[in-house]
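Fold and contact review
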Amino acid sequence: MGAARLLAKGWVVFCLFAGAHGLFLALTRGQDIQSAARFAGLCVLLFGAMGLLFAGGFGVAEIGISSLSISRLRRSYWPSFDGLVFCAFVGLILLVQTVLVHEIGGTPAGQALLGSVHFVVPGERALIRRLSACGYDDAHIYSIALASAVAWLLAFVFVAASASRIALAAGIVRLERMRFPSSFGPTLLAALYGMVAVIGIQLLFVGSAYNFLGCGMLTGITGAALSGLAPLTLAYLIFAALVMLKASGPAD
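In every chain, residue numbers begin from 1 and rise along the written sequence. Per-residue local features are limited, in this predicted model, to residues with pLDDT of at least 70; the limit for side-chain atom pairs, both in listing and counting, is 80 or more; totals at the level of whole chains, interfaces and linings are taken over all residues. The basis for every side-chain value is the complete set of non-hydrogen atoms in the structure, without hydrogens or water.

**So, the overall build of the protein**
The test is simple: The helix count covers DSSP runs of H or I at least four residues long, the strand count covers runs of E at least two residues long, and both are numbered beginning at the N terminus. Any residue under 20% of the maximum accessible area for its type is buried, any over 50% is exposed, and the rest in between are partly exposed; the area is computed with a 1.4 Å probe on protein chains only. Only the protein chains shown count as cover for residues, and the accessible areas themselves come from Shrake-Rupley with a 1.4 Å probe.
The number of helices and strands found in the protein is ten helices and zero strands. Per-residue burial over the protein gives 42% buried out of 252 residues. As displayed, the protein offers around 13200 Å² of accessible surface, 73% of which is attributable to carbon and sulfur atoms.

**Quick look at helix α4 (residues 81–104)**
Basically, it comes down to this: Multiplying 1.5 Å by the helix residue count minus one yields the expected span of that helix. Given a residue, its bend is the angle between the two axes fitted to the seven residues that end at it and to the seven that start from it.
For α4, which comprises 24 residues, the first-to-last C-alpha distance of 29 Å sits more than 12% below the rise-based estimate of 34 Å (1.5 Å per residue). Thr 98 marks where α4 bends most, by close to 60 degrees.

**A look at helix α7 (residues 138–162)**
Quick note on the threshold: Pairs of N or O atoms within 3.5 Å make up the polar contacts considered here, provided that, within protein, one atom can donate a hydrogen while the other can accept it, and that residues adjacent in sequence are counted only when both atoms are side-chain atoms.
Between the first and last C-alpha of α7 there are 36 Å, a value that for 25 residues agrees with the 36 Å anticipated at 1.5 Å per step. Two or three places before Ala 139, at the start of α7, stands the capping residue Asp 137, its side-chain oxygen 3.2 Å from that residue's backbone nitrogen.

**What about the packing of aromatic side chains?**
Selection criterion: Planes of paired rings set the category: under 30 degrees apart is stacked, over 60 is edge-to-face and the rest tilted, where pairs are Phe, Tyr or Trp rings (Trp by its six-membered ring) whose centres lie within 6.5 Å.
Across all of its chains, the model carries seven aromatic pairs by this definition. When the centroid spacing of 5.7 Å and the interplanar angle of 80 degrees are considered together, the rings of Trp 152 and Phe 205 count as edge-to-face. Of this pair, Trp 152 sits in helix α7 while Phe 205 sits in helix α9 (residues 186–205); the two residues are 53 residues apart in sequence, bridging distant segments of the chain. Each member of the aromatic cluster is reached from another via a ring pair, and the members are Phe 86, Phe 158, Tyr 236 and Phe 239.

**Remarks on a nonpolar patch on the surface**
The test is simple: Like charges within 9 Å and nonpolar side chains (Val, Leu, Ile, Met, Phe, Trp, Tyr) within 5 Å are joined into patches, using only residues over 30% in relative accessible area that form no salt bridge. In what follows, salt bridge is the name for a side-chain nitrogen of Lys or Arg lying within 4 Å of a carboxyl oxygen of Asp or Glu.
A surface patch of nonpolar side chains, amounting to about 310 Å² of accessible area, comprises Leu 42, Leu 46 and Phe 47. Note that Leu 46 resides in helix α2 (residues 33–63). The exposed category is assigned to Leu 46, whose relative accessible area is 55%.

**Some points on the packing of α7 against helix α10 (residues 220–248)**
Formally: Simply put, an axis is a line fit to the C-alpha atoms, just over the touching stretch for a helix, and the angle between two N-to-C directions goes from 0 to 180 degrees. The cut-offs work like this: below 35 degrees is roughly parallel, past 145 is roughly antiparallel, 65 to 115 is roughly perpendicular, and the gaps in between are oblique. Crossings are sorted by hand: turned counterclockwise from the far helix by less than a right angle, the near helix makes the crossing left-handed, and turned clockwise it makes it right-handed. We call two residues in contact when some of their heavy atoms are within 4.5 Å. Residue classes follow a fixed rule: Ala, Val, Leu, Ile, Met, Phe, Trp, Tyr, Cys and Pro count as nonpolar, while Asp, Glu, Lys and Arg count as charged, and any other residue, Gly among them, counts as polar.
One can describe the packing of α7 onto α10 by two numbers: an axis separation of 8 Å at closest approach and a directional angle of 15 degrees. Classed by the angle they form, the pair α7 and α10 counts as roughly parallel. In the packing of α7 onto α10, the handedness of the crossing is right-handed. In this structure, α7 contributes Ile 144, Ser 148, Ala 151, Trp 152, Leu 154, Ala 155, Phe 158, Val 159 and Ser 162 to the contact, and α10 contributes Ser 227, Gly 228, Pro 231, Leu 232, Leu 234, Ala 235, Tyr 236 and Phe 239. Residue composition of the contact of α7 with α10, grouped by class: 13 nonpolar, four polar and no charged.

**What about the confidence of the model for the protein?**
Keep this limit in mind: Values of pLDDT, the confidence the predictor places in each residue, fall between 0 and 100.
Across the protein, the average pLDDT comes to 81, with 84% of residues at or above 70. Taking the mean pLDDT of every element in the protein, the minimum, 49, falls on helix α3 (residues 70–76) and the maximum, 93, on helix α6 (residues 122–133). Per-residue pLDDT stays below 50 along residues 63–73; that stretch engages in nine contacts with residues further than four places along the chain or on separate chains.

**Examining the side chain of Gln 97**
Among the secondary structure elements, Gln 97 is positioned in helix α4. Polar contacts involving the side chain of Gln 97 include one to the main-chain carbonyl oxygen of Ala 224, which spans 3.1 Å. What Gln 97 contacts, discounting residues up to four positions off in sequence, is Phe 17, His 21, Ala 147, Ala 224, Ser 227 and Gly 228.

**Quick look at the packing of helix α8 (residues 166–179) against α10**
The contact between α8 and α10 brings their axes to 8 Å, and the two run at 60 degrees. The hand of the α8/α10 crossing is right-handed. Of the residues in α10, those in contact with Ile 166, Ala 167, Ala 169, Ala 170, Val 173, Arg 174 and Arg 177 of α8 are Phe 239, Leu 242, Val 243, Met 244, Lys 246 and Ala 247. Residue classes in the contact of α8 with α10 are distributed as ten nonpolar, no polar and three charged.

**Re the nonpolar core**
Stated formally: In these notes, a set of buried Ala, Val, Leu, Ile, Met, Phe, Trp, Tyr and Cys residues joined through side-chain atoms within 4.5 Å is what counts as a nonpolar core.
Grouped together as the largest cluster of nonpolar side chains are 57 residues, with contacts concentrated most on Phe 17, Tyr 193 and Leu 232. For this core, the elements supplying multiple residues, two or more each, are α1 (3–28), α4, α5 (108–120), α6, α7, α8, α9 and α10. Of all the elements, α10 adds the most residues to this core, at 16 residues. Excluding residues within four positions of it along the chain, Phe 17 makes contact with Val 90, Ile 93, Leu 94, Gln 97, Ala 224, Ala 225 and Leu 229.

**Things to note about the environment of Gly 220**
When you line up the elements, Gly 220 lands in helix α10. Its relative accessible area of 40% is what places Gly 220 among the partly exposed residues.

**Section: the environment of Cys 134**
Examined against the element boundaries, Cys 134 turns out to sit in the loop between α6 and α7. Not counting residues within four places of it along the chain, the set of residues in contact with Cys 134 comprises Cys 215 and Leu 218.

In structure tokens:
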């Protein structure tokens, strides 16, 4: 749950998510699979290396160069159960955005899901208004909004399911801090994660971010990451903030 760990994991997921969408877009535009895979793989490696270099420097500042070890890095970056659930949900929303959105779009379940999320999440309504103002046709707006609704549903499920494991995760954090002291304590990280989560709620859940984005950023890889990956990332950040807040208090 360290800051460098979250940065590294989040950037890896983003790069793989963007690379998968880039591969899908290249294939739909008629490129052969080898050229599309080569282009997507190069982009993933370049962006991944840049992000991991930044996260690695942040990690050195957090734990100190003398505390680094191969065994610690291997243990720290191995995904937890919640991390595996998060990755599974990311894969599901990727599948929905690329393949299943047209299959479930006309079903009563898809329409009910979109209507429910449209009522609960102000950001969903802001996204639809922004897409309409940009002049996109109804079919395109519906497919993007439906994929975003699936992402918000999975985000709610993730927060609700992980709430029962906050105490366990906080206990693991305390044990790690006892064995490997860090410059950033749980209280500081809880405040940091909490502030970022509040900003994310305002930008994504409330929908303030859509008023500042150009029309071109609402579609393609950027739009797919914003409407699909961002809600799940916000849910994981909220979970991390709650874990750190629990770990900053006395043990039960």
